[in-house]
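# Chain and residue survey
Residue strings, one per chain:
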Amino acid sequence: MKATRRRVVITGMGMVTPIGNSLDETWDGLQNGRSGVARITRFPADTLPTQIAGEVKNFRLGDFVAAPESFQHCGHNTRYAIAAASMAVRHSGLDPERIDRTRLGVYLGSGEGQQDFENFITILAHASSADGNVDVPRFNRLGMEHLHPMRELEQEPNMPSGHLAELFGAQGPNSNCLTACAASSQAIGEALEIIRRGDADVMISGGAHSMIHPLGLTGFNLLTALSTHNKNPASASRPFDGDRDGFILSEGSGVVILEELEHARRRGATIHGELIGYGSTADAFRMTDAHPEGRGAIAAIRGALADAELTPGDIQYINAHGTSTGVGDLVETVAIKAAFGAEAYRVPVSSIKSMTGHLIAAAGSVELITCLLVIRDGVIPPTINYEHPDPQCDLDYVPNTAREARVDVALSNSFGFGGQNVCLVVRRFTE
């Protein structure tokens, strides 16, 4: 361990996912192989190639905050972030009023908020003529009359981090990044660096996202990235399986409380793990495809291990990015083999996206929390729907059934559109 580097531990966790609105409920679902994927209920999706998603269910913001009406104009992303962060702060035992709040920061990897689609479509229809042309001046007038200013503001990706700062009085560093599917892992990695270099003592970090709306589904369908197994939603997400045909678009939030070790000790906090490695790279190859030789992913894995001062032999579990796309799962397998060598066949690898679907910007934070729970409870969640082995994907993917195993050190992979790659290493806390 570098002598001058401050140690950073995790003292709180919270998440909202398609399989549960709490840490315990989600973890129970992951251990028992429960899928959160179903037919879309949020809008009529019957005319789209993909009609299934991982929606958050039975969510009530009032279960997490005292005045939910204060956030009535917020998008799903912000509401989920508020819930997950509230859970994480409570879980940590942190009282923001009893610490130096100029040393408390927020760093999220969150996506954009939701457009007010119904209102927007109504305005567009009233401004359109029979020949399909739009009367732009009329559209502008109707927009000024009917669109809500706060709902327009809430579309900005930085709004969740701003709301969390206000909610908890966090006056320290405040940032948001949106690096596709690597966003919340990158946010946690950058929050780690903020504490390491001494710019904060505590960071509320993670991510939130919801793209389950007409434009989100349409866009990914046009990219042919989504599964079209509409008849059997629960079995549609099948990472590393030979019949995989695309990912499942999902939503939710995961938030952790990162804390400088001595700060946590002084207040008697329970420590759930230590964040020790962060690697971040770019493929610099193509916007929608990973480099076929996995060069960016390999470099990110190696960078995280080097930062943690570990070797591949020290890793006992890999939480895979594992989205269920043909190319993505293959390239991740290639990258793990290249970075781990012969150790690749020893270490168990599983993808919880087989159950949760893909939470896009929020995926990495939920998966890091999963690693911490694996370390805590000694149970590795399975990759469900693994029925047809792919000879090119030949690692131990913990198929279909959870596995008991002691895990002290885990690696979490996050690889995103645009070629972003982020890897994080966590370990069991020891003095």
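Quick summary incoming for the structure in this document. (Residues numbered from 1 in each chain as written. Predicted model: local features only at pLDDT ≥ 70, side-chain atom pairs only at ≥ 80, totals over all residues. Heavy atoms only, no water.)

## Observations concerning the packing of aromatic side chains
Note the following rule: Each aromatic pair joins two rings of Phe, Tyr and Trp (for Trp, the six-membered one) with centres within 6.5 Å, and gets the label stacked for planes under 30 degrees apart, edge-to-face for over 60, and tilted for any other angle. Going along the chain from the N terminus, every DSSP run of H or I of four or more residues is numbered as a helix, and every run of E of two or more is numbered as a strand. Burial classes follow relative accessibility: with a 1.4 Å probe on protein chains only, a residue under 20% of its type's maximum area counts as buried, one over 50% as exposed, and anything between as partly exposed.
Summed over all chains, the structure comprises seven aromatic pairs. For the pair phenylalanine 120 and phenylalanine 139, a centre-to-centre distance of 5.7 Å together with 80° between the ring planes defines the contact as edge-to-face. In this pair, phenylalanine 120 is assigned in helix α3 (residues 117–126) and phenylalanine 139 in helix α4 (residues 136–146), connecting sequence segments 19 residues apart. Overall, the relative accessible area of 29% leaves phenylalanine 120 in the partly exposed class. When the ring of phenylalanine 220 is compared with that of phenylalanine 417, the centres are 6.2 Å apart and the planes differ by 45°; the resulting orientation is tilted. On the criterion of sequence distance, the pair formed by phenylalanine 220 in helix α8 (residues 214–222) and phenylalanine 417 in the loop between β13 (409–416) and β14 (420–427) is long-range, its members being 197 residues apart. With relative accessibility at 9%, the residue phenylalanine 220 sits in the buried group.

## Some words on the sheet that holds strand β7 (residues 251–260)
Let me state the cut-off plainly: By definition, two strands form a pair when at least two bridges between them are found by DSSP. The contact criterion used throughout is that any non-hydrogen atoms of two residues lie within 4.5 Å. Angular values range over 0 to 180 degrees, each being the angle between N-to-C directions of two axes fitted as lines to C-alpha atoms, with helices fitted over their stretch in contact.
What the 10 strands build is an open sheet, ordered β5-β4-β6-β7-β1-β8-β14-β13-β9-β10; its pairing is mixed. Two strands bound the open sheet, and with one partner strand each, they are β5 (174–176) and β10 (349–350). Lying over the sheet, helix α2 (residues 76–92) contacts β1 (8–16), β6 (202–210) and β7, oriented at roughly 135° with respect to β1.

## With respect to the side chain of asparagine 21
Assignment of secondary structure puts asparagine 21 in the loop between β1 and α1 (23–31). Of the residues examined, asparagine 21 reaches a relative accessible area of 14% and is grouped as buried. What asparagine 21 contacts, discounting residues up to four positions off in sequence, is Met15, Val16, Val56, Lys57, Asn58, Phe59, Phe64 and Met87.

## Digging into the nonpolar core
Definition in use: Nine residue types can take part in a nonpolar core, namely buried Ala, Val, Leu, Ile, Met, Phe, Trp, Tyr and Cys, and a core is a set of them joined through side-chain atoms within 4.5 Å.
One finds Ile10, Met13, Met203, Leu258, Leu275 and Val426 to be the most contacted residues of the largest nonpolar core, which totals 46 residues. Elements supplying a minimum of two residues to this core: β1, α1, α7 (183–196), β7, β8 (273–282), α13 (363–377), β11 (379–380) and β14. Those residues in contact with leucine 258 that lie beyond four places of it in its chain are Val8, Val9, Ile10, Ile188, Ala191, Leu192, Ile195, Asp201, Val202, Met203, Ser205 and Leu275. By size, the runner-up hydrophobic cluster in this structure holds 29 residues, among which are Ala297, Leu310, Ile315 and Phe340.

## Quick word on the pattern of salt bridges
Let me state the cut-off plainly: For salt bridges, the criterion is a side-chain nitrogen of Lys or Arg within 4 Å of an Asp or Glu carboxyl oxygen.
For the structure on display, the rule yields 27 salt bridges. Between arginine 5 and aspartate 307 there is a salt bridge; the shortest N-O distance is 2.8 Å. A residue pair is termed long-range when its members are at least 10 positions apart, and arginine 5 in the segment before β1 and aspartate 307 in helix α10 (residues 295–308) qualify at 302 residues. Of the charged contacts in the structure, one is a salt bridge between lysine 337 and aspartate 394, with a shortest N-O distance of 2.7 Å. One end of the pair, lysine 337, is in helix α11 (residues 326–340); the other, aspartate 394, is in the loop between β11 and β12 (403–404), and 57 residues separate them in sequence. Judged by its relative accessible area of 34%, aspartate 394 falls in the partly exposed class. Because the salt bridges share partners, they merge into one network encompassing Arg5, Glu193, Arg196 and Asp307.

## Comments concerning a nonpolar patch on the surface
Spelled out, the test is: Candidates for patches are residues over 30% relative accessible area with no salt bridge; among them, like charges are joined within 9 Å and nonpolar side chains (Val, Leu, Ile, Met, Phe, Trp, Tyr) within 5 Å. Areas reported here follow the Shrake-Rupley algorithm with a probe of radius 1.4 Å; residue values treat only the protein chains shown as occluding.
Residues Leu124, Val134 and Val136 make up a contiguous nonpolar surface patch of about 210 Å² in total accessible area. Position of leucine 124 relative to the elements: it lies in helix α3.

## Section: the pairing of β7
With 10 of its 10 residues buried, β7 lies for the most part within the structure. Judged by which residues are buried, β7 turns out to be covered on both faces: Glu251, Ser253, Val255, Ile257 and Glu259 on one side and Gly252, Gly254, Val256, Leu258 and Glu260 on the other are all buried. Direction of pairing for β1 relative to β7: antiparallel, over a ladder of eight bridges. Directly across from glycine 12, in β7, lies its bridge partner isoleucine 257.

## Some details on the environment of valine 374
Considering the arrangement of structural elements, one finds valine 374 in helix α13. Overall, the relative accessible area of 0% leaves valine 374 in the buried class. Placed 276 residues apart in sequence, valine 374 and arginine 98 show a C-alpha to C-alpha distance of 31 Å. Non-local contacts of valine 374, meaning those with residues more than four positions away in its chain, are made with Trp27, Tyr317, Val379, Ile380, Pro381 and Val407.

## Some thoughts on α3
The line we're drawing: Note that the arc is defined by the directions from the helix axis to the C-beta atoms.
Within α3, burial applies to Phe117, Asn119 and Ile123. The arc enclosing the buried residues of α3, seen along the axis, measures out at 165°, which places them on a common side. Buried residues along α3 sit against α4 and α8.

## A few points about the packing of α1 against α13
When two helices pack together, their arrangement is given by the angle between the helix axes and by the axis-to-axis distance. Applied cut-off: Roughly parallel here means an angle under 35 degrees, roughly antiparallel means over 145, roughly perpendicular means 65 to 115, and every remaining angle is called oblique.
Running from amino to carboxyl end, α1 crosses α13 at an angle of 75°, the nearest separation of the two axes being 11 Å. Comparing the axis directions of α1 and α13 gives the class roughly perpendicular. Of the residues in α13, those touching α1 at Leu23, Trp27 and Leu30 are Ile369, Thr370, Leu373, Val374, Arg376 and Asp377.

## Some remarks on α2
As a reminder, the rule being used: Here the expected span of a helix is defined as 1.5 Å times the quantity of residues minus one.
Along its 17 residues, α2 runs 24 Å from first to last C-alpha, staying within 8% of the 24 Å computed at 1.5 Å per residue. The buried fraction of α2 is high, at 13 of 17 residues. Just past α2, the residue glycine 93 takes up positive phi, approximately 70°.

## Things to note about unusual backbone geometry
Phi angles above zero are rare outside glycine, and threonine 224 is one such case at about 55°. Among the structural elements, threonine 224 can be located in the loop between α8 and β7. Taking the relative accessible area as the measure of exposure, threonine 224 reaches 66% and is therefore exposed. Backbone geometry at valine 398 places phi at a positive 50°, although glycine is not the residue there. Among the structural elements, valine 398 can be located in the loop between β11 and β12. On the basis of relative accessible area, valine 398 is assigned to the buried category, the value being 0%.

Everything listed is a geometric property; what it means functionally is a separate question.
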